[in-house]
Every structure is written in C-alpha cells, then in structure tokens.
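Understanding the architecture of this molecule
Residue strings, one per chain:
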Amino acid sequence: MGSRLVVLVSGTGTLLQHLMDECAAGRVPAEIVAVGADRDGTAALRRAQSAGIPTFVCRVGDYPDRAAWDAALTRACAGYRPDLVVSAGFLKLFGERFLAEFSGRCVNTHPALLPSFPGLHAVRDALAYGVRITGCTVFLVDAGLDTGPVIGQQAVPVHADDDEAALHERIKEAERVLLARTVAEMVSKGWSVSGRTVRFGGTVRSGDARKEGQR
Ligand code: GRF
C-alpha cells in the first residue's frame, strides 16, 4: 500500500496540483488522503475538492488561542493517519502539539535557498538584496521559522527585469518539481535524520522517522 499524505495549503495550490497529478500518474507512490487549510474558499481547496480528495479547514479565529488551534489542526491531520504531512504554501507556523506529533515527518517548501531569506517575503527580500541566484528549499519542519534540516534545494536565476511576481513564478516552476521529487524519494526509499542531515534510503520509513529524529 502507498504512503498516506496530508497536504496543508493556504493559497492557489499550484504546488498541491502538481503533487496530486504526480500521485495520480504513479510517479509519486503515495495517496493524498486529505487536504487541510487555514482559511476557506481558496483555489487550493477547490482543486482538492474537484479531485474528490477530502478537505478540512482549521481557522485560527475559530479557537480561543493559538495553542487550541494548533491542537485542533494536529487532531484533524492525525485523524487521516498520514505517513507524511506536506506543507505546500501553508502560511502558518506550527505549534508544540503539532511538532510533538509530526516532527520528523512533516516537510515544508520555501521559495528561497535557505538559510537565506526565511519568512513570508522570501522572493521580495531576495530581489531587494540583489542576488543573481535564488531558488527553493524543501526541508523538515522544526520549531523555528524555516530553520529545519534541508532535504533538497534547486537554484533558480534572477533575471535583470524580474519583479516579485515574475521571479516567484519561475521559482514555483522549480519548487513544484523539487517538492514532488523529494516526496517521491522519501516515501519510496524511507529517510533518516541525524542532526541536520537527512538521508534517503535509511532504515527508517515514514512514521518511524520521528522516533529516529528524537534519538
Ligand atoms: C510557494 O512558493 C510556497 O513556497 C510559498 O507559497 C507558494 C505556494 O504557491 N509559501 P501555490 O499556492 O502552491 O501556488
């Protein structure tokens, strides 16, 4: 049986769409068992719904505080028994409960070459700095802001006439491919975490990674 993925989204969901397509084509040997969001009415949720994938929404404003929201999000994800949670443009930081449950088996993607330009405005910050090369990073989520162990990166050139939208679009083309390829490697080969090093093909597969990461 293929691995079970829960994908978390906030926006237009083009990364989600590519992952859905790659799973459907069998190039990512996994099933997206649910798509969760922190807001209603997004294009990303509509993409999941049109593909017949169950969705859920967990809005911060519906809970008394951030910790209660984080606990609810954790329960909602855990209910689908995922081997891996994929944060694909999910614009919220995870809290303690979520990390206790999913650390070591939650990947995030970021539109810059970390540790450069962490945070919400990575593309704008890279442009403002004047770098000639930027890119994208897929990493294991930890308690920091885009600080977890790097799993994969792809460089993307900055063009002289780029604005934020044009550069972000070029990065997202690379990001979709990198994310799907990374998830495919993780679910097909397993992975292990030692300090900041993530290796494919270790003895650890999917749900066991958390225990390995904590050793
Ligand atoms: C990606 O660049 C992701 O890294 C960032 O938001 C973008 C998501 O795009 N946080 P989409 O919603 O999948 O089109």
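Residues numbered from 1 in each chain as written. Predicted model: local features only at pLDDT ≥ 70, side-chain atom pairs only at ≥ 80, totals over all residues. Heavy atoms only, no water.

Glycine aside, negative phi is the norm for most residues, and most peptide bonds take the trans geometry. Look at the link from Leu114 to Pro115: it is a cis peptide, with omega at 10 degrees. The residue Asp146 is not glycine, and still its phi comes out positive at about 60 degrees. Note that Asp146 resides in the loop between strand 6 (133-140) and strand 7 (150-157). (Helix = DSSP H or I, 4+ residues; strand = E, 2+ residues; numbered from the N terminus.)

When the pLDDT values of the protein are averaged, the result is 94; 93% of them are 70 or greater. Contacts from residues 205-215, a stretch scored under 50 in pLDDT, to residues over four places away or in other chains number 23 contacts. (pLDDT = per-residue confidence, 0-100. Contact = heavy atoms within 4.5 Å.)

Applying the stated criterion to the full structure yields 6 aromatic pairs. Ring centres 6.5 Å apart and planes at 15 degrees place the aromatic pair Trp69 and Phe90 in the stacked group. Here Trp69 is found in helix 3 (residues 66-78), whereas its partner Phe90 is found in the loop between strand 4 (84-87) and helix 4 (96-102), with 21 residues between them in sequence. Side by side, Trp69 and Phe90 carry an identical accessibility label, which is buried. Three or more aromatic residues link up through ring pairs in this structure, and these residues are Trp69, Phe90, Phe94, Phe98 and Phe102. (Phe/Tyr/Trp six-rings, centres within 6.5 Å; stacked < 30°, edge-to-face > 60°. Buried < 20%, exposed > 50% of the residue type's maximum accessible area, 1.4 Å probe, protein only.)

Let us now look at the site of the ligand. The ligand sits among 13 residues. The nearest are Thr12, Thr14, His168, Lys172 and Glu175. Thr12 has a polar side-chain atom sitting 2.6 Å from an oxygen atom of the ligand. Separating an oxygen atom of the ligand from a side-chain N or O atom of His168 is a distance of 2.7 Å. Look at the ligand: alone it shows 370 Å² of surface, and the protein chains cover 89% of it. Among the secondary structure elements, those contributing two or more residues to the shell around the ligand are helix 1 (14-24), strand 5 (106-110) and helix 6 (164-189). The biggest single contributor to the shell around the ligand is helix 6, with 3 residues. Its residues placed into classes, the shell around the ligand shows 3 nonpolar, 8 polar and 2 charged. (Near = heavy atom within 4 Å. Polar contact = N/O pair within 3.5 Å; in protein donor to acceptor, adjacent residues only side chain to side chain. Areas by Shrake-Rupley, 256 points an atom, 1.4 Å probe, with all protein chains shown as cover. Nonpolar A, V, L, I, M, F, W, Y, C, P; charged D, E, K, R; others polar.)

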